[in-house]
Amino acid sequence: MTQDHLMSIKEFSQFTGISQSALRYYDEIGVFAPNVRKPNGYRYYTPEQITAVNFVQVMSFLKVPLKTIRGLADERGPRQLMTTLLEHSTTLNNELRRISDLYSLMSVYQNLINEGLNVDEDSISVRTIESIPIVLGPPACFERDAEYHEPFLEFYDDANMRRVNLAYPIGGYFASLDVFLKTPGSPQMFFSLDPTGGDEIAAGDYLVGYARGHYGVVSNLPERLVAYADEHGLKLDGPLYKLYILDEVSEPDPDRYLLRVLATLA
């Protein structure tokens, strides 16, 4: 091999698209070495190595760990590589599920915030709602001497055991409008908008209203719902769902939180 047949690390980097720093690192950890290393430390590569380094590029693109690539660098064959790829596919599938979960969570917040930014919050309206997947918690026990946060923490403990993603917004379930009117700040159950739990807010027609304020503050929303239903001859029969569509995630001022109530129409 003469000097004319060798390529400097700069030239090799230009041909392969691999940065010089990456080539040096590959050499240091034993993944891919230059053909010649001069006494002055300069690295030189042969044209044939442009093809050979493609193994490292493909494996790196697939996010195969460098430790695994190093183990296959000198001794590999179709069977060994197939085993490696099958094992790595499990890692990629897990990552794919994680990213899918992140997109789902992001979509939920985007939809709620978009609603909060564009809704006429002083209005009461009838709206047809598509099915919304949720996770219902255990019955919330608001005993007379108990602190409000105690049943909420019980929901959290139960959700953790069930592997519910608590990054999703959490709302309150009431069996009926009458229950909500009596204790608007004390839901009978908490629920999460985590879509993996198997429960749902059923598709159908709902009376929808909004109110601003900190958690537990419903202002005159219950009275407005009843007045609208009476005025329009509507019968409210079924569960009511309470959710802050703008909360601490998007609104730093608690007095600016935006509550949405869905009351089931008969």
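A brief structural summary. Every value quoted in this text rests on a predicted model; they were computed, and no experiment measured them.

So, how was this worked out
- Residues numbered from 1 in each chain as written.
- Predicted model: local features only at pLDDT ≥ 70, side-chain atom pairs only at ≥ 80, totals over all residues.
- Heavy atoms only, no water.
- Helix = DSSP H or I, 4+ residues; strand = E, 2+ residues; numbered from the N terminus.
- Buried < 20%, exposed > 50% of the residue type's maximum accessible area, 1.4 Å probe, protein only.
- Contact = heavy atoms within 4.5 Å.
- Polar contact = N/O pair within 3.5 Å; in protein donor to acceptor, adjacent residues only side chain to side chain.
- Expected span 1.5 Å × (residues − 1).
- Arc of directions from axis to C-beta.

### A word on the environment of glutamate 130
Part 1 of the argument: Here glutamate 130 is to be found in the loop between strand E4 (125–129) and strand E5 (132–139).
Part 2 of the argument: With relative accessibility at 68%, the residue glutamate 130 sits in the exposed group.
Part 3 of the argument: It is 16 Å that separates the C-alpha atoms of glutamate 130 and arginine 260, two residues lying 130 residues apart in sequence.
Part 4 of the argument: Look past the residues within four positions of glutamate 130 in its chain and what remains in contact with it is Ile201 and Ala203.

### Notes on the side chain of serine 192
Part 1 of the argument: Here serine 192 shows up in strand E7 (residues 189–192).
Part 2 of the argument: Looking at serine 192, the relative accessible area reads 0%, which means it is buried.
Part 3 of the argument: A distance of 3.0 Å separates a polar side-chain atom of serine 192 from the backbone nitrogen of aspartate 194.

### Considering the environment of threonine 83
Part 1 of the argument: In this fold, threonine 83 is placed in helix H6 (residues 78–118).
Part 2 of the argument: Residues threonine 83 and glycine 204, 121 residues apart in the sequence, show an inter-C-alpha distance of 50 Å.

### A word on helix H7 (residues 149–161)
Part 1 of the argument: Taking 1.5 Å of rise per residue, 13 residues should cover 18 Å, and H7 covers 18 Å from first to last C-alpha, within 8% of that figure.
Part 2 of the argument: Those residues of H7 lying buried are Pro151, Phe155, Asp158 and Ala159. When H7 is viewed along its axis, its buried side chains cluster within an angular range of 100 degrees and face the same direction.
Part 3 of the argument: Elements that come into contact with the buried residues of H7 comprise E5, strand E6 (170–174) and E7.
Part 4 of the argument: Positioned one or two residues after H7, arginine 163 has a phi angle of 60 degrees, which is positive.

The quantities given are spatial measurements derived from coordinates; they are silent on function.
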